[in-house]
Amino acid sequence: KLRNEHPALRMGVTAILATNNPAVFAILRVVNDDMILVLINLSGESVRNYNLDLASHVFSSSSILEPLLGTANSLTITSKPLAELSPFSTFLFQIK
């Protein structure tokens, strides 16, 4: 269902984001105005020490992360959108 609703999950550009933590994998998927942030904790332990490198991507200071997958509320886009990533958790956010 998500793939059908969001073109960025099927096609477009994929940018791997540096996270400064090998246990955290993050990508940005973009096609036209559909932007999806994928954030995954690959570790069996909770992760608090990570930062996303968003420097090469232009976002409005009012950009909001709307959750598509994972238990999270809407958030403003920052280098650390979630304070803690649960073990083996996956989050998908639409950037609005």
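Preceding this paragraph is the structure being described.
Please read these numbers as outputs of a predicted model, since none were measured by experiment.

1. Section: the overall build of the protein
Alright, step 1. Check the secondary structure of the protein and you find 1 helix and 6 strands.
Alright, step 2. Ordered by position from the N terminus, the helices and strands of the protein form the series α-β-β-β-β-β-β.
Alright, step 3. Over its C-alpha atoms the protein spans a radius of gyration of 13 Å, differing by no more than 12% from the 12 Å that the globule rule assigns to 96 residues.
Alright, step 4. Projecting the C-alpha coordinates of the protein onto the three principal axes gives extents of approximately 35 × 30 × 25 Å.
Alright, step 5. When each of the 96 residues of the protein is scored for burial, the buried share is 41%.
Alright, step 6. Pairs at least 24 apart in sequence give 56% of the contacts found in the protein among residues at least 6 apart.
Alright, step 7. By element, 53% of the accessible surface of the protein is carried by carbon and sulfur atoms, the whole surface being about 5500 Å².
Alright, step 8. Separation of charge centres in the protein, based on 7 positive and 7 negative side chains, amounts to 5 Å.

2. So, the sheet that holds strand β3 (residues 34-41)
Either a parallel or an antiparallel arrangement is found when strands of a sheet pair, and the pairing is made through backbone hydrogen bonds.
Alright, step 1. Across the sheet, which stays open at both edges, the 6 strands sit in the order β1-β2-β3-β6-β4-β5 with antiparallel pairing between neighbours. Across the chains shown, the open sheet's two edge strands, defined by having one partner strand only, are β1 (13-17) and β5 (75-76).
Alright, step 2. Here strand β4 (residues 64-69) pairs with β5 via 2 bridges, running antiparallel. When the sheet's bridge partners are listed, L65 is paired in β5 with L75.

3. Points about the nonpolar core
If you look at soluble globular proteins, the nonpolar side chains tend to sit buried side by side.
Alright, step 1. Membership of the largest hydrophobic core comes to 19 residues, with the highest contact counts inside it found for L37, L39, Y50, L52, L82 and L85.
Alright, step 2. For this core, the secondary-structure elements that each account for two or more residues are β1, β2 (24-31), β3 and β6 (90-95).
Alright, step 3. L82 has contacts with L39, Y50, A72, L75, F91 and F93, leaving out every residue within four places of it along the chain.

Each value, and the rule that gives it
- Residues numbered from 1 in each chain as written.
- Predicted model: local features only at pLDDT ≥ 70, side-chain atom pairs only at ≥ 80, totals over all residues.
- Heavy atoms only, no water.
- Helix = DSSP H or I, 4+ residues; strand = E, 2+ residues; numbered from the N terminus.
- Rg over C-alpha atoms; globule rule 2.2 N^0.38 Å.
- Buried < 20%, exposed > 50% of the residue type's maximum accessible area, 1.4 Å probe, protein only.
- Contact = heavy atoms within 4.5 Å.
- Areas by Shrake-Rupley, 256 points an atom, 1.4 Å probe, with all protein chains shown as cover.
- Lys, Arg positive; Asp, Glu negative; His and termini not counted.
- Charge placed at Lys NZ, Arg CZ, Asp CG, Glu CD.
- Pairing = 2+ DSSP bridges.
- Core = buried A, V, L, I, M, F, W, Y, C linked by side-chain atoms within 4.5 Å.

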